[in-house]
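In case you want the letters, here they are:
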Amino acid sequence: MAGFRFFDLNPEQLRAATHPGGPMLILAGAGTGKTRVITARVTWLIANGVGADKILAVTFTNKAARELKERIGGMVEAEKAKLVTASTFHSLCLKILRRDIERLGYKPNFTIYDEGDQTGLIKKIINRTAAKDESLDPGAAKAGISKAKNMGWTPPEDDKTLLGAVYARYQRELKQFNAIDFDDMLTLSVRLMADFPAVRDYWREKYDHLLVDEFQDTNKLQLDLVTLLCREKRPNICVVGDDDQSIYGWRGAEISNILEFERHFPGPEVFKLEQNYRSTNAILDAANRLIKNNARRRGKKLWSDSPGGANVTVISANDDLTEAEFVANEINAHKHSDRLEWEHFAVLYRMNAQSRLIESELRRMKIPYRLVGGRSFFDRREVKDVISYLNFLVNPKDDAAMLRILTSPPRGIGGVTIENAIEFSAKADANLIDAMTSSAFSETLSSRARNAIQTFADEMQTARIRLMTPGANASELVGSILADCGYLEDLKRSCKTPEEALSRETNVRELLDALADYQTKHKNWQGFLDDIQLDREREKDKEDGRGVTLITLHAAKGLEYPHVYLVGAEDGLLPHERSKLEGTVDEERRLFYVGITRARQTLTISHCLYRTKFGSKTTCKMSGFLQEIQGDNVDFVSHAEIMARPVEEEEALDLFARARAMLNEP
DNA sequence: AGGTGAGCATTTTTT
DNA sequence: ATGCTCACCT
């Protein structure tokens, strides 16, 4: 047990970390040292003779997987630590699929459709499938299909409903394009393991101990997958999670997976981590009072050794602008009076739209901030274009990618031609590129269109051959392809300002650099596309950027900040109007709970009397949740009262800072 | 083939 | 308010 200090753990943590095996459930409240226990458990297992390569830890995010690996690396010898598998559900599935997907009739060079590709495909299918008097919202269809997949429903044979018909056709076309969507990663992995004992046994025998993090967020398929990975009657499965932090029900997460864990894995040992190492008791009290209003929960009460700390403050501001001003002022004053760093502050909100006003106030006061969750880079048109070029070159069946690049740059192939080609390909049951270049289709075209198509097809085929040559420098090659086909020129031309052109060019450059980087590290480049779809590449540059954090409540889960401002605690926003309609107010309460428990030292919650929604001013009621957190260590004050507070020493500094900030204004 | 303007909807988003 | 889609125009 060299190098492992058990005295870091409290008794319950220690009990969990050193439990010999069998099913176990670790209920880990917010800030109770969950990762530490997982790390300790892995270390303990290895110290007690379990092969490091026999341990599989599954997480939801790449960040969590990376952190886990790092922390295990800090506890175990390097060679052993490397052998532990810590991976996300989706990257595990990708490994399963890349190995055996041919058994399901896909080729192993399949591409992964992102949300945009999915919506695009669904839209086209609806257009082609719906009768004149029918209509279906593509977003709703996508959600419906996703739900169906996650419930384990296969497309219906008889196309009774439009949605059913669209689902069936969507799935058929995906396969034809040799593409899978995010849900397929799970459905297909589960199907592979369920239908092919050889595949199942391969993965079963690979691991002796399974750890699943954030178990409250698993959906049906993820539970199925985990179950399939278990071989014994009393499997060594250790799940960690917190039912009170289940906030992804709308995405298919089944809170029952954790609430009814005993049903899925009988006779587990249950551990409850309730000692919190993060927040003051004032904050924990508020959180406990709130969450006990939820009926369906396993029941937990967070407590802390540390002193009570400052009271939680609830502010009522007149309107959303005042609220933003208040938060910016308060952060500024607090930072200067207590000599804090901007990084110590975070502003949490329900909807991304709420960040706007806060941002502009922070900008006005010259306070640096970082906005979390903006998926800007990979959503840029030019970045998607280049990725589509890569995807199409790797997988010529990828119709979505082809459609994207077919018109950028313009190649003299018009909308009518493309529509006809799509129709033709559907009838001929062939891929778009094959359909378009087939002689049967060519005959219907003008010679100009025919030549344009042929040129495109030849160009791409040449590029493909060059790219697939072993040892090819992918980044350089793609760069020259983009230049040769006129893409770069067209990109520049389509920009309104020189700055825009420069920024788009830089983005392309950055992507190509990332590709080159990947190739040097991995000696191949095909995996680059997987990484991009799995977000791994995206996250790399997320860490940088200093300043006050602006983040949604959802995205804030798992993070912590010394000083938290939770804005917009109003009825209709938190709980969100839609959740009241859908009867998921409990989940909103958990969301609020997650927000509260992010704070280490101070928590300030605000709500407005008026808020501008969709362009017009509306009256706002305070969130019902605010009544629930009431107690001696929660102060309710109006914004006006704060402004009229007697000037004490601390406040004097506040005023000074405020005055200085005002002088800084332009 | 691409640009423009009216009309429309508007949560959260680990992969 | 704002961004996005679709239809219509040049």
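Just so we're clear, the structure is a prediction, and the values are computed from it rather than from any experiment.

### Here we look at the packing of aromatic side chains
Aromatic ring pairs are described here by two measures, namely the spacing of the ring centres and the angle between the planes.
And then number 1: This structure, assessed with the given rule, holds nine aromatic pairs.
And then number 2: On the basis of an interplanar angle of 45 degrees and a centroid distance of 5.7 Å, the ring pair of Tyr-248 and Trp-250 is categorised as tilted.
And then number 3: Here Tyr-248 falls in the partly exposed class, since its relative accessible area comes to 23%.
And then number 4: A relative accessible area of 56% places Trp-250 in the exposed class.
And then number 5: Grouping aromatic residues by their ring pairs yields a cluster made of Phe-215, Phe-261 and Phe-265.

### A look at the sheet that holds strand β3 (residues 85-88)
And then number 1: Pairing within the open sheet is parallel, and its six strands lie in the order β3-β2-β6-β7-β1-β8. The sheet is open, and its two edges are formed by β3 and β8 (269-273), each paired on a single side. When the angles between neighbouring strand axes are averaged without regard to direction, this sheet yields 15 degrees.
And then number 2: Here four bridges tie strand β2 (residues 55-59) to β3, and the two strands are oriented parallel to one another. For Ala-57, the partnering residue across the bridge sits in β3 and is Ala-86.
And then number 3: Its contacts with the sheet put helix α3 (residues 62-75) on β2 and β3, and the angle it makes with β3 is roughly 165 degrees.

### Here we look at the side chain of Ser-279
And then number 1: Structurally, Ser-279 is set in the loop between β8 and α14 (281-291).
And then number 2: Separated by 2.6 Å, the side chain of Ser-279 and the backbone oxygen of Ala-599 make a polar contact.

### What about the packing of helix α23 (residues 447-468) against helix α24 (residues 474-484)?
And then number 1: Their axes nearest at 10 Å, the elements α23 and α24 cross at an angle of 165 degrees. Looking at the two axes, α23 sits roughly antiparallel to α24. Of the two elements, α23 crosses α24, and the hand of that crossing is right-handed. Where α23 approaches α24, its residues Ala-463, Arg-466 and Leu-467 are matched on the opposing element by Ala-474, Leu-477, Val-478, Ser-480 and Ile-481.
And then number 2: Here the residues of the contact of α23 with α24 sort into six nonpolar, one polar and one charged.

### Some remarks on unusual backbone geometry
Trans is the common state for peptide bonds, and a negative phi is the common state for residues other than glycine.
And then number 1: Going from Leu-574 to Pro-575, the amide bond is cis rather than trans, its omega being 5 degrees.
And then number 2: Tracing the backbone through its elements, the reader meets Pro-575 in the loop between β13 (561-566) and α30 (577-582).
And then number 3: At Arg-339, a position not held by glycine, the phi torsion is positive, near 50 degrees.
And then number 4: With a relative accessible area of 76%, Arg-339 lands in the exposed category.
And then number 5: Located in the positive-phi region is Lys-366, a residue other than glycine, with phi close to 60 degrees.
And then number 6: Relative to the elements of secondary structure, Lys-366 occurs in the loop between α16 (355-364) and β11 (369-371).
And then number 7: According to the relative accessible area criterion, Lys-366 is exposed, its value standing at 53%.

### A look at the packing of helix α18 (residues 381-394) against α24
And then number 1: Interhelical geometry of α18 versus α24 gives an angle of 110 degrees and a closest axis separation of 11 Å. The angle between α18 and α24 falls in the class roughly perpendicular. Here α18 contributes Val-386, Tyr-389, Leu-390 and Leu-393 to the contact with α24, which in turn contributes Val-478, Ile-481 and Leu-482.
And then number 2: Class assignment for the residues of the contact of α18 with α24 results in seven nonpolar, no polar and no charged.

### Side note on the pairing of strand β1 (residues 24-28)
And then number 1: For β1, the tally of buried residues reaches five of five residues, placing the bulk of the element in the interior.
And then number 2: Burial of the side chains of β1 extends over both faces: Met-24, Ile-26 and Ala-28 are buried on one face and Leu-25 and Leu-27 on the other.
And then number 3: Sheet analysis places β1 next to β8, joined by five bridges and oriented parallel. By the bridge assignment, Leu-25 is partnered in β8 with Val-270.

### Some thoughts on the confidence of the model for chain A
Low-pLDDT portions of the prediction should not be read for the details of their coordinates.
And then number 1: Confidence in the prediction of chain A, expressed as mean pLDDT, is 86, and 91% of residues score 70 or more.
And then number 2: No element of chain A has a lower mean pLDDT than helix α34 (residues 649-664), at 54, and none a higher one than strand β7 (residues 237-241), at 97.

### Brief notes about the pattern of salt bridges
And then number 1: In the structure shown here, the tally under the stated rule is 38 salt bridges.
And then number 2: Glu-214 serves as the salt-bridge partner of Lys-34, at 3.3 Å between the closest nitrogen and oxygen. In this pair, Lys-34 sits in helix α2 (residues 34-47) while Glu-214 sits in the loop between β6 (209-212) and α11 (220-229), placing the two residues 180 residues apart along the sequence. The pair formed by Lys-34 and Glu-214 is uniform in burial state, with each residue classed as buried.
And then number 3: Across the pair Asp-184 and Lys-149 runs a salt bridge whose closest N-O atoms are separated by 2.8 Å. With a gap of 35 residues between them, Asp-184 in helix α9 (residues 182-195) and Lys-149 in helix α7 (residues 138-151) connect regions that are remote in the sequence.
And then number 4: The class of Lys-149 is buried, set by a relative accessible area of 2%.
And then number 5: Salt bridges linked by common partners bring Lys-34, Asp-213, Glu-214, Asp-217 and Lys-557 together as one network.

### Quick look at the nonpolar core
And then number 1: Counting 49 residues, the largest nonpolar core has Phe-392, Met-402, Met-436, Phe-456 and Leu-511 as the members making the most contacts within it.
And then number 2: Phe-89, Met-185, Ile-237 and Val-239 belong to the second-largest nonpolar core, a separate cluster that totals 43 residues.

### Comments concerning the pairing of strand β15 (residues 616-619)
And then number 1: With four bridges connecting them, strand β14 (residues 599-613) and β15 associate as antiparallel partners. Looking across to β15, one finds that Thr-612 is bridged to Lys-617.
And then number 2: Linking β14 to β15, which pair antiparallel, is a turn of two residues; within it Phe-614 sits at a positive phi near 50 degrees.

The rules behind each value
- Residues numbered from 1 in each chain as written.
- Chains lettered and ligands numbered in written order.
- Predicted model: local features only at pLDDT ≥ 70, side-chain atom pairs only at ≥ 80, totals over all residues.
- Heavy atoms only, no water.
- Phe/Tyr/Trp six-rings, centres within 6.5 Å; stacked < 30°, edge-to-face > 60°.
- Buried < 20%, exposed > 50% of the residue type's maximum accessible area, 1.4 Å probe, protein only.
- Pairing = 2+ DSSP bridges.
- Helix = DSSP H or I, 4+ residues; strand = E, 2+ residues; numbered from the N terminus.
- Axes fitted to C-alpha atoms, helices over the stretch in contact; angles between N-to-C directions.
- Contact = heavy atoms within 4.5 Å.
- Polar contact = N/O pair within 3.5 Å; in protein donor to acceptor, adjacent residues only side chain to side chain.
- Parallel < 35°, antiparallel > 145°, perpendicular 65-115°, else oblique.
- Left-handed = near helix turned anticlockwise from the far one by under 90°.
- Nonpolar A, V, L, I, M, F, W, Y, C, P; charged D, E, K, R; others polar.
- pLDDT = per-residue confidence, 0-100.
- Salt bridge = Lys/Arg side-chain N within 4 Å of Asp/Glu carboxyl O.
- Core = buried A, V, L, I, M, F, W, Y, C linked by side-chain atoms within 4.5 Å.

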